[in-house]
Amino acid sequence: MEKIVKEKEPLISITNRKGGFRTLPFIIANQAFEKMASFGILPNMILYLTRDYGMEAAEATNVILFWSAATNFTPVVGAFIADSYAGRYPTIAFGSVVSFLGTLLFWLTAMIPELSPSCDQFTKRCSSPTTTQLAFLYSSLGLMSIGAGGVRASSLAFGIDQLDRKDKDVGVIESYFNWSYALTAVAILIGMTNLVYIQENFGWKVGFGVPVVLMFMSMVSFFLASSLYVKLEAKGNVISGCARVVIASYRNRHLSLPLHVSNDMYYCEKESTMLMPSDKLRFLNKACLIKNSVQDLTQNGRAENPWNLCTVDEVEALKALIKIIPIWITGMIMSVNLSQGSFSVLEASSMDRHITSHFEIPAASMGTFMIISTAVWIVLYDRVVIPSTSKIAGLHYRLRVKQKMGIGLFAVCLSTASLAVVEGIRRKMAIEEGFSEYPEGVVNMSVLWLLPRQVLDGFAEAFNAVGQNEFFICELPQSMSSIGSTLSGLGMSGANLIASLLMSVVDKVTKGEGKVSWVSSNINKGHYDYYYWLIFGLMLANLLYFLYCSKAYGPCKGEENEGQDERH
């Protein structure tokens, strides 16, 4: 078995001079510039739509929400296309070009007067946008969402494709994920600060022109290394393959699995290195069990009916996807905490935000501290913690992927607890200072008391979010790597829905006759501290659930003999 694997999986560095570390900066730059441009447009979009398009705040907010939802969903579609049909390189290339075109069209809405409503310079009122103007605006936003789906769907997985098997065995993947996430976080931070500043001080024409330049740089940086990339072909429709496994295992449910197996009992493709399925989720093994080789197989060894007989690889792909779902759920629940950002803005706006007598932190900018914290923790872990610990221990040391996820979940528990404590103190001070009826009043309490929450959330992201991506991509088959890289984002989308449902339930349950809702618009009359303690209970239960799932999952790929390998 080992001999077959070695013959079927030659090292890229030996048989193909392409790929390697030299290609990774181009791939990371492609994703970082794309996110810098996108997140640089998002913060001031509400002002652009209300001031220059004459939209009402509610209408403009819906446009932004639909655009954000589409941008978060398209990477899932892009991952499916990349893994099943097009391949990762064409998907990223297509996304880069479309993102550039979308950003260019959006910039033109500010540059060409006919593409946006006319506005009175004195009254600052704008006429209603025409159908053509709205169509042009929505087309530009749609192209940016489609392009983001292509770029974000496959960038991480495409980077892994460039590494040979030896590099993957010594923890290079972990460092690649760390630096990719850290640089992307820095790019988002620059987009949400510097680009917003340019838009506010130099106008839309310059402010929206900079993202065009950034998207051009994203596209060029990716294509510059085209001749160096390892470009793996798509492995086929992985989603329909999973569906075939479910149907075939149901149709063959009355079959009995053999106690003693041989290589010819299960159907596998000639180039496959996996000759028989694993023992976990054994009922799915019936999908690839050959009942009668004459009836089930054609003369060239292919399955007569793929919906009755699947390959071992297809069975194992579905098993891997099913196995990771419980741990994926823990990441989604953790993101519920991060979905409470709007409440933090309310708290920050009611606190003293002065750092000096002349400088005041904008309430909406508190979230940038979490992004800074994320990048700092990632760099410290990769460049300080790992080298120092390895030197002390006398061997290469690194946290295992599930350990990193667990540390992140624990940090989130501390984060929500600190937020609940600070809010309790802030509310008490607001009432004592006579602001119970005036939520806009500023209490004599520094906004820096919210920093522990931001730092801990950044710490949690640095470990759990990076660990999730590493876990999904490494545990799923290579044919599903792009899908694995989008699961974390899909979990964040689910977390937004859970957070919305949770808030609605709390509001309905705690609001009654003569009672004030915990999440009242008047932050001083409500009880956001109780609400945060409820979130803390959810985070604590999620941590315990993760510990159970982690133990039930068993060791990840490559960890079975990791301790022995590191000592040699």
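Heads up: the structure comes first, above all this text.
Residues numbered from 1 in each chain as written. Predicted model: local features only at pLDDT ≥ 70, side-chain atom pairs only at ≥ 80, totals over all residues. Heavy atoms only, no water.

Participant: Is there a simple way to think about helix H15 (residues 367-393) in this case?
Facilitator: The α-helix advances 3.6 residues per turn, and as a result positions three or four apart in sequence lie on the same side. Counted at 1.5 Å a residue, the expected span for H15 with its 27 residues is 39 Å, and the 37 Å between its end C-alpha atoms agrees. Along its length, H15 reaches its greatest deviation from straightness, about 40°, at Tyr 381. If you follow the buried residues of H15, they end up packed against helix H9 (172-207), helix H13 (312-338), helix H16 (401-432) and helix H17 (451-475). Downstream of H15 by one or two residues, Gly 394 has phi in the positive range, about 80°. (Helix = DSSP H or I, 4+ residues; strand = E, 2+ residues; numbered from the N terminus. Expected span 1.5 Å × (residues − 1). Bend = angle between axes of the 7 residues up to and from the residue. Contact = heavy atoms within 4.5 Å.)

Participant: Whenever I open this one, the packing of helix H18 (residues 481-510) against helix H19 (residues 528-553) confuses me. Can you help?
Facilitator: Helix packing for two helices is described by the angle between their axes and how far apart those axes are. Taken N-terminus to C-terminus, the directions of H18 and H19 make an angle of 130°; their axes are 12 Å apart at the nearest point. Judged by the angle between their axes, H18 and H19 are oblique. The chirality of how H18 crosses H19 is right-handed. Touching Ala 499, Leu 502, Met 503 and Val 506 of H18 are Tyr 531, Leu 534, Ile 535 and Leu 538, all from H19. (Axes fitted to C-alpha atoms, helices over the stretch in contact; angles between N-to-C directions. Parallel < 35°, antiparallel > 145°, perpendicular 65-115°, else oblique. Left-handed = near helix turned anticlockwise from the far one by under 90°.)

Participant: Explain the environment of Leu 451 to me, please; I cannot follow it from the model alone.
Facilitator: Along the polypeptide, Leu 451 turns up in helix H17. Along the sequence, Leu 451 and Thr 368 sit 83 residues apart, while their C-alpha atoms lie 11 Å from each other. Leu 451 has contacts with Met 366 and Phe 369, leaving out every residue within four places of it along the chain.

Participant: Hey, could you run me through the pattern of salt bridges in this one?
Facilitator: A side chain of one charge can pair with a side chain of the opposite charge when the charged atoms of the two come close. Across all of its chains, the model carries 13 salt bridges by this definition. Between Lys 404 and Glu 470 there is a salt bridge, and its shortest N-O distance comes to 3.0 Å. Highlighted residues: Lys 404 in helix H16 and Glu 470 in helix H17, separated in sequence by 66 residues. By relative accessible area, which is 1% here, Lys 404 ends up buried. The shortest N-O distance in the salt bridge between Asp 457 and Arg 453 comes to 2.5 Å. In this pair, Asp 457 and Arg 453 are both assigned in helix H17, four residues apart and thus about one turn of the helix distant. The network of salt bridges with common partners includes Asp 83, Arg 88 and Asp 161. (Salt bridge = Lys/Arg side-chain N within 4 Å of Asp/Glu carboxyl O. Buried < 20%, exposed > 50% of the residue type's maximum accessible area, 1.4 Å probe, protein only.)

Participant: It is not clear to me how the side chain of Arg 152 should be interpreted in this structure. Could you clarify?
Facilitator: As for its placement among the helices and strands, Arg 152 is situated in helix H7 (residues 131-161). Owing to a relative accessible area of 14%, Arg 152 belongs among the buried residues under this scheme. Among the polar contacts made by the side chain of Arg 152, one reaches the side chain of Glu 34 at a distance of 3.0 Å. Discounting residues that sit within four places of it in the chain, Arg 152 has contacts with Glu 34, Lys 35, Ser 38, Phe 39, Thr 71, Pro 75 and Ser 485. (Polar contact = N/O pair within 3.5 Å; in protein donor to acceptor, adjacent residues only side chain to side chain.)

Participant: How should the environment of Trp 204 be read in this particular structure?
Facilitator: Counting through the fold element by element, Trp 204 comes out in helix H9. With a relative accessible area of 16%, Trp 204 lands in the buried category. Distance from Trp 204 to Met 111, taken between C-alpha atoms, is 8.3 Å for residues 93 residues apart in sequence. Beyond its immediate stretch of four places on either side in the chain, Trp 204 contacts Asn 44, Leu 47, Tyr 48, Asp 52, Ala 110, Gln 199 and Gly 209. Of note is the side chain of Trp 204, whose polar atom sits 3.1 Å from the side chain of Asp 52.

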